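Listed below are the residues making up each chain.
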Amino acid sequence: RPPRSTLFPYTTLFRSQTLRPRLAQTTLGWREWIRLPDLGIDGIKAKIDTGARSSSLNAVDIHPVDVDGEQWVEFKVYPVQHQTDRAVPCRARVKDYRQVTDSGGHRSMRYVIETTITIGSEQFTAEMTLADRSQMMFRMLLGRTAMKNRYTVDPGRSYCASQKPPKATGTI
């Protein structure tokens, strides 16, 4: 079977627009290894979640701090799934503090940061909410806003664009 891009090489957003060639996009699997270099995280397993609008990172001990008149947030990340023995201390500038609805319909206020995300050889900046995801299967979700116009997702595959990082500081 030919790849989807071959079957549907053109896309349109509105009826009034003419068809235009679709740009080639990297394919992600339903889970990928992600680096967050601004936060000192060399590898974290993330669920690629097209059902979630925003991306979310497991963060605990979240404390707002003032840095030269700007609001920042300090927090800890446990990047290794099912382990809480090694935390990575992080600090990031607060972009927003907003209400987010989770998959169960529960609303909560969350800090929003903007950080660099690396998947394979590609790097970009995206918003990420901070939430305690310790009871969830994945410590990070990559939502569709971060993926928009960058990636296509193949839900039947895993680790299409990334590989497990070597064990080192901040690595899973």
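Everything that follows concerns the structure shown earlier in this document.
In this text, all values refer to a predicted model and were calculated from it rather than measured experimentally.

1. Notes on the overall build of the chain
Here's step 1: Each helix and strand counted, the chain has two helices and 13 strands in total.
Here's step 2: Considering only residue pairs separated by 6 or more positions, the chain has 56% of its internal contacts joining residues 24 or more positions apart.
Here's step 3: With the model as given, the accessible surface of the chain reaches about 10,600 Å², and the carbon-plus-sulfur share is 48%.

2. Re the pattern of salt bridges
Here's step 1: Scanning the entire structure with this criterion turns up six salt bridges.
Here's step 2: We note a salt bridge from Asp61 to Lys76, for which the minimum N-O separation is 3.5 Å. You can see Asp61 sitting in strand β7 (residues 60–67) and its partner Lys76 sitting in strand β8 (residues 70–77), a full 15 residues away along the chain.
Here's step 3: By relative accessible area, which is 42% here, Asp61 ends up partly exposed.
Here's step 4: On the basis of relative accessibility, which here comes to 34%, the residue Lys76 falls in the partly exposed class.

3. A closer look at the packing of aromatic side chains
Here's step 1: According to the stated counting rule, one finds four aromatic pairs in the structure shown.
Here's step 2: On the basis of an interplanar angle of 50° and a centroid distance of 4.7 Å, the ring pair of Tyr97 and Tyr111 is categorised as tilted. A residue pair is termed long-range when its members are at least 10 positions apart, and Tyr97 in strand β9 (residues 88–101) and Tyr111 in strand β10 (residues 107–119) qualify at 14 residues.
Here's step 3: Judged by centre distance (6.0 Å) and plane angle (55°), the ring pair of Phe124 and Tyr151 falls under tilted. Taken together, the residues span a long stretch of sequence, with Phe124 in strand β11 (residues 122–131) and Tyr151 in strand β13 (residues 151–154) at a distance of 27 residues. The pair Phe124 / Tyr151 is uniform in exposure class, with both members buried.

What counts as what
Residues numbered from 1 in each chain as written. Predicted model: local features only at pLDDT ≥ 70, side-chain atom pairs only at ≥ 80, totals over all residues. Heavy atoms only, no water. Helix = DSSP H or I, 4+ residues; strand = E, 2+ residues; numbered from the N terminus. Contact = heavy atoms within 4.5 Å. Areas by Shrake-Rupley, 256 points an atom, 1.4 Å probe, with all protein chains shown as cover. Salt bridge = Lys/Arg side-chain N within 4 Å of Asp/Glu carboxyl O. Buried < 20%, exposed > 50% of the residue type's maximum accessible area, 1.4 Å probe, protein only. Phe/Tyr/Trp six-rings, centres within 6.5 Å; stacked < 30°, edge-to-face > 60°.

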